[in-house]
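Each chain, written out:
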Amino acid sequence: MSADVPRVKGGLGQSILRKEDQRFIRGKGNYVDDIKLPGMLYLDIARSPYAHAKITAIHTENTLKVPGVLAVVTGKDLEAAGLAWMPTLMSDKQMVLPTDTVMYQAQEVAAVVADSRYAAADGVAALEVDYDPLPVVVDPFKALEPGAPVIRTDRKEKSNHIWHWETGDRAGTDAAFDGAEVQVAQDLYIPRIHVSSMETCGCIAHMDSVNGRFTIYMTTQAPHAIRTVIALVTGLPEQNIRVVSPDIGGGFGGKVPVYPGYVLAAVASIKTGHPVKWIEDRSENLQADSFARDYHIHAELAASNDGKVAALRVKTLADHGYTDAAANPSKFPAGLFHIITGSYPFAKAFVEVDAAYTNKPPGGIAYRCSFRVTEAVYTIERMMDILAHRLKVDPAELRLKNFIPPEAFPFTSALGWTYDSGNYAGALRKAMEIIDYAGLRREQKEKRGRGELMGIGISSFTEIVGAGPSSTFDILGIKMFDSAEVRIHPTGKVIARFGTKSQGQGHETTYAQILAEELGIPADDIRVEEGDTDTAPYGLGTYASRSTPTAGAAASMAARKIRDKARRIAAHLLEVNPDDVEWKDYAFRVKGVPAKSKTMQEVAFAAYTNHPPGMEAGLEAVDYYDPPNMTYPFGSYICVVDIDPETGQVKVRRFVAVDDCGTIINPMIVDGQIHGGLTMGLAPALYEEIQYDESGNIHGGTFMDYLVPTAIETPHWETAKTVTPSPHHPIGAKGVGESATVGAPPAVVNAIVDALQPYGVEHIDIPVHPWKIWQILHTRTPTF
Amino acid sequence: MSASARPVAPAASVTSGGRSMRVELTVNGAPVVAEVEPRTLLVHFLREVLGLTGTHIGCDTSNCGACTVHLDGKPVKSCTVLAVQVSGRQVRTVEGLEIGGKLSPVQEAFVEAHGLQCGFCTPGMMMTATELLSRNPNPSEPEVRDAIRGNLCRCTGYVNIVKAIQLAGAKIRSAAPSSGGKA
């Protein structure tokens, strides 16, 4: 780019305001529950009060007497149609409605269809169900004990063990531990949490039997994949299925799975011939939709006396609830947990995960995280601090001593991932400088002298996002490419459609910026659409920070295909040989005579009015982008906490986040993603947890009990960046949506454990509620 | 599927033919008269009877604030108010923030400070902010955070919402320097 050439308006690196905001600030968003179709009916769901019970009878008479109620759907009705069970995304199956046994509290038991929302709810209230309670298993360790009640009696294997998965060099790792100078070990539990997007899940299903068309407006992050799943499961011809994902009020992974409510609305529409709306309540959303995490981890780290890491060994038990309904790539039942060697050059590593059934809702989905990366980062970043404490070295110093150096990239980890690029020390040093790390340590020393509890915590995380290369990544066999279809109209304006689906990330703006940069057309002139499977090219959707690495790359590649043709049109207009024309400074210019040029807009007009003889008219391209590798965003976070010795309350005084997501498309939006991600990292560290009692009763099933942080709990986040482009992405971008959620929890916990060093504390399981600290303060003698 | 013989009637309201009461109120400056079942929540009345879908529903325990509207100028959670309770009163929703086709300072500032992402909490958040700034056009960060503590946001981490509200305050102050400003 010539220095004196003005940048295209809205191109890369500019903090332009978001296009989508104009409708949202006017209350003119179009979320699923805002849509009303003629003749639309409403569906509500009766749910089980028991975590495990036989259903002995469902009495529908009183429900059918409720004014406005039209029908009740039970598992027996579905069984007759072969729809009582449906496949999960993980080669398991789950119930749409039970035919005989419920397996978790709040499980769907029956659906009521009525002509109004309130009548449907009245019908649910009037429904009587007889249950015969069964023994409940909530603890995954107990679930695997001999003699434990078998939950999934439908399976051939009469056990609660789902699968065993392992990766790495078991013998080599064991040998490295045998010879290690230093070993540390820790049990870490990462509890069940819930994404709690502000919009709950729901749909409007409409089977138009006259035209044979099935349309579903649905809160989904992956509309195209859903269309194919519907076709495969129901046998409906795929061209007659239309999935529309309108404005989505946050997803974070919770809107990837197919929930029974969607299927019930579809069945109800087929039966009644009317459009049927189902919108879940928040309590239903928290109690029955897919959860995240629930990993019981035992981690061991071997190192030398001088603090060089050598080997990592991790054994994990995953609680999947009553079915494995996670949303991981087929090859990886534990997701990308094996990014667990993190930012460090371990020579040997071995990871194994076992999965168990319990009487809890299904899941194991993400919570703003790329397939179990949060669990991995939390583990390695906690273990590094535990090692630092053992060796009595500063946690920053230990990290700086061990980081994979910038010149080692591309770097292949002990567990087989090839990291694309990184400068880990650069990010940590920047964070230390911004927060005045040395000054904080001096302050801490003085405060410890006075018995005050102040802690500083570091997390230097490496993410793995952008799933993914087709050689390795698929969901149910569908390769994880993504797509862009770009069309330039005669007047030089653009419509572009994508296989992804924004849920607040701002794709309408950022994709337009990529195209603006590639095409020399202002972002204001580029309209971006997603989410309608009738119009958008096929793609796997938005989750796991994959949109920029895949569909963003497809935007660039489609634009470059357009440029290839446009260059030939430009040559025709300039009356020179195409080889003498180059794309430079947002225009096609005659080599050596840059003033002789044609803009993309001029070329676009010619593409419809004056294209060269023998060339097809029009100016458009489609690209299905299969990334050659994953991208590896990284960063270093430093958290400062003060702990109230009277109450055990943690106050996050400062939190500096230095992120590196490669090339930045829109700095304002990237910062917004980091702010939100940090808050969803703070939440499980300090507040959020879904617990169950021994009978399988959920604790934390409403917003009264499940503490989503408000503006009061959330600190003022401080952000900064380093930029290390991805060498394999067309514009060098890596993706950013989840980095902060992944990186933040260990920074918070490391800070708390650091504050409690005088009490000899090595670890506290999240969420670190005040009572956990209070107990430590009142049961241990400090050595200040 | 067990079904009753009743014919299907398109849903005209949120309820199905129970006892109804007449409500007369003003919504965004315009008079509204309707017959509603007494149990109809204000949020359902606004969304489903009046078609004002900018007011959202994010929970069932009055925690999230996505349904915040103004009732006689004060923010209320419209999921916790019955439509029949607001008879004779003034309701203002997000659709009523624009004045004469011009965005309000709060709406402008939410865009300019990137105070929204998915947009679901935004209408409620802006209604709370608008009322805060009508009382206090120059709020400190703690005052802003305190004011919006009943409005949950899952996307933004609140930093830019706080900035947006303070920016809106600055706009209001510069527009009406002598009076102290009204949102």
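Predicted model, so just to flag it, every value in this text is computed and none were measured.

1. Focus on the environment of Thr-472 of chain A
You can see Thr-472 of chain A is positioned in the loop between strand S21 (453-462) and strand S22 (474-475). The spacing of Thr-472 of chain A and Asp-705 of chain A is 233 residues in sequence and 40 Å in space, taken between C-alpha atoms.

2. Details of helix H14 (residues 507-519) of chain A
Residue and element names in this part refer to chain A. Spanning 13 residues, H14 covers 17 Å between terminal C-alpha atoms, matching the ideal 18 Å at 1.5 Å per step. Taken across its 13 residues, H14 has 13 buried, putting it largely inside the fold. Looking one or two residues past H14, Gly-520 carries a phi angle of roughly 70 degrees, positive in sign.

3. Re the sheet that holds strand S26 (residues 526-530) of chain A
Residues and elements named next belong to chain A. The mixed open sheet is built from 4 strands, whose spatial order is S26-S25-S24-S30. Sheet topology places S26 and strand S30 (620-625) at the edges, where each strand pairs with a single neighbour. Going from strand to strand, the sheet's axes swing by 15 degrees on average, the running direction of each strand aside. Across 5 bridges, strand S24 (residues 482-488) lies against strand S25 (residues 494-498) in antiparallel orientation. When the sheet's bridge partners are listed, Ile-488 is paired in S25 with Val-494.

4. Thoughts on the domain arrangement of chain A
Residue and element names in this part refer to chain A. On domain assignment, one finds that chain A holds domain 1 (21-28 + 482-625), domain 2 (32-134 + 200-248 + 255-288) and domain 3 (291-409 + 418-467 + 629-779). The interface of domain 1 with domain 2 comprises 13 residues on the first partner and 14 residues on the second. Taken together, the residues of the side of domain 1 that touches domain 2 break down into 3 nonpolar, 7 polar and 3 charged.

5. Looking at the sheet that holds strand S31 (residues 634-643) of chain A
Residue and element names in this part refer to chain A. Within the open sheet, the 4 strands sit side by side as S21-S31-S32-S35. Their pairing is mixed. Two strands lie at the open edges of the sheet, namely S21 and strand S35 (718-721), each paired on one side alone. With direction set aside, neighbouring strand axes in the sheet form an average angle of 15 degrees. Sheet topology note: the S21/S31 ladder contains 10 bridges and is antiparallel. The partner of Phe-461 across the bridge, within S31, is Gly-635. Relative to S21, helix H18 (residues 739-755) is tilted by about 150 degrees, and along the sheet it contacts S21, S31 and strand S32 (650-660).

Parameters and conventions
Residues numbered from 1 in each chain as written. Chains lettered and ligands numbered in written order. Predicted model: local features only at pLDDT ≥ 70, side-chain atom pairs only at ≥ 80, totals over all residues. Helix = DSSP H or I, 4+ residues; strand = E, 2+ residues; numbered from the N terminus. Expected span 1.5 Å × (residues − 1). Buried ≥ 20, exposed ≤ 12 C-beta atoms within 10 Å, placed from the backbone. Pairing = 2+ DSSP bridges. Axes fitted to C-alpha atoms, helices over the stretch in contact; angles between N-to-C directions. Domains from an automatic or database assignment. Contact = placed C-beta atoms within 7 Å. Nonpolar A, V, L, I, M, F, W, Y, C, P; charged D, E, K, R; others polar.

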